[in-house]
Each structure stands twice: as C-alpha cells, then as structure tokens.
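Coordinates in review
Take a look at the letters that make up each chain.
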Amino acid sequence: MTVTKKPVSAKNTLNEAYDYENPVPFSRAFRVDAGGVTQLFISGTASVDENGNTVHAGDLEKQCKRMFRNVTLLLEAEGATWRDVVKTVFYHRDIDRDYIDVCRYRTEFFNEVGLKQYPASVGVEARLCRSDLLIEMEALAIYQTPATS
C-alpha cells in the first residue's frame, strides 16, 4: 500500500506558522492518504487571522467562532467537512472558568453545521502559545479518498 503525506494550508484564513515574524516550525495540518482513506491531522488552531494576529482577545465566544471558522476552512481545503471529524482536543487557558461555555458554543456550532453525531473529544487545561488566547483546538478527520480518473 502506498502512503502519501503532504502539508495542508488555507492561506485565505491562516498564514503558515513558519512564515510568522518569529517563525514557529509546524504545519497547520497534514494530509495522509493510504488505501483509499484520507486522514487530516489539524494542528492546534485558535483565533488568529490570515496575518497570524490574535483576534477577539478576551472574548471567549468570538474566539471559539473564529477557531471553528479556521478549522472549517482547513477541512474544506482538502475536501472534508465536519462530518469527517472523528476527534477533537480542546486546550483551555482556564478550564474551570470556560469549560461550560465552550461546550455550549461547540454544541451551537455543531448544530449549525448539521452534525447529528459529535466527534470524540477531550478538554485539557494548558498554557497556550499566547497570553491573549483563551481556547485552541486540534482535530482529526478521516474520510474516503475520492477516486481520480
């Protein structure tokens, strides 16, 4: 079986971390194709804009919305949707303060995109890469690779 791997990007919503003024050595996502199945490994994604700047500092709800938008566009860049996401990991700056609200925003978002089955998920309290970020998420999507002619 042949396995192919390639980095994924969605430069219309996120620049590459290695293109920052202070470069960070990681890809936004990585695509792995094997045996007719594609897996997308989406790196920790937060409320950052196409220039790498934090947006909505201090506003948990708006940071969640931007985070979901960024992940959605990374999925779409490779022909995937939220229906293909099988696992998410949420990194909370303050899980005691924010967990209930993040769950509510996540449920609202999943309902908006029409999910009937939610991905497996875990929430972790962690020191995030920037002090103005409140939440970050990574995701794993798995789907059938479309046949090429």
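Presented here is a report on the structure given in the accompanying data block. Just so it is clear, the model here is predicted, and its values are computed rather than measured.

Bringing the pattern of salt bridges into the picture now. Taken as a whole and assessed by the stated rule, the structure comprises 8 salt bridges. Among the ionic pairs, Lys-6 bridges to Glu-78, the shortest N-O distance being 3.4 Å. You can see Lys-6 sitting in strand β1 (residues 3–8) and its partner Glu-78 sitting in the loop between α1 (60–77) and β4 (85–92), a full 72 residues away along the chain. For Lys-6, a relative accessible area of 37% translates into the label partly exposed. Of the residues examined, Glu-78 reaches a relative accessible area of 13% and is grouped as buried. Close ionic contact of Arg-31 with Glu-78 constitutes a salt bridge, the shortest N to O distance being 2.7 Å. Pair noted here: Arg-31 is in strand β2 (residues 29–34) and Glu-78 is in the loop between α1 and β4, with a separation of 47 residues, a long-range link.

Attention shifts here to the nonpolar core. With 30 residues, the main nonpolar core has Cys-64, Phe-68, Leu-75 and Trp-82 as its most contacted residues. Sorting the residues of this core by element identifies β3 (37–45), α1, β4, α2 (95–112) and β6 (135–144) as the ones contributing at least two each. Of all the elements, α1 adds the most residues to this core, at 8 residues. Setting aside its immediate chain neighbours within four residues, Cys-64 contacts Val-102, Tyr-105 and Ile-135.

Turning our eyes to something else, we now look at the environment of Ser-131. Examined against the element boundaries, Ser-131 turns out to sit in the loop between β5 (120–125) and β6. Once the C-alpha coordinates of Ser-131 and Arg-93 are considered, the two residues, 38 residues apart in sequence, prove to be 8.7 Å apart.

So, about the environment of Gln-39. Its place among the elements puts Gln-39 in strand β3. Using a relative accessible area of 27% as the deciding quantity, one classes Gln-39 as partly exposed. Placed 103 residues apart in sequence, Gln-39 and Ile-142 show a C-alpha to C-alpha distance of 4.5 Å. Excluding residues within four positions of it along the chain, Gln-39 makes contact with Phe-30, Arg-31, Val-32, Leu-140, Ala-141 and Ile-142.

Next up on the list: the packing of α1 against α2. As a packed pair, α1 and α2 sit with axes 10 Å apart at the nearest point and diverge in direction by 45 degrees. Judged on the interaxial angle alone, α2 and α1 are oblique. α1 and α2 meet at a crossing whose hand is right-handed. Residues Leu-60, Glu-61, Cys-64, Phe-68 and Thr-72 of α1 form the contact with α2, whose own contacting residues are Asp-98, Asp-101, Val-102, Tyr-105, Arg-106, Phe-109 and Phe-110.

Cut-offs applied
Residues numbered from 1 in each chain as written. Predicted model: local features only at pLDDT ≥ 70, side-chain atom pairs only at ≥ 80, totals over all residues. Heavy atoms only, no water. Salt bridge = Lys/Arg side-chain N within 4 Å of Asp/Glu carboxyl O. Helix = DSSP H or I, 4+ residues; strand = E, 2+ residues; numbered from the N terminus. Buried < 20%, exposed > 50% of the residue type's maximum accessible area, 1.4 Å probe, protein only. Core = buried A, V, L, I, M, F, W, Y, C linked by side-chain atoms within 4.5 Å. Contact = heavy atoms within 4.5 Å. Axes fitted to C-alpha atoms, helices over the stretch in contact; angles between N-to-C directions. Parallel < 35°, antiparallel > 145°, perpendicular 65-115°, else oblique. Left-handed = near helix turned anticlockwise from the far one by under 90°.

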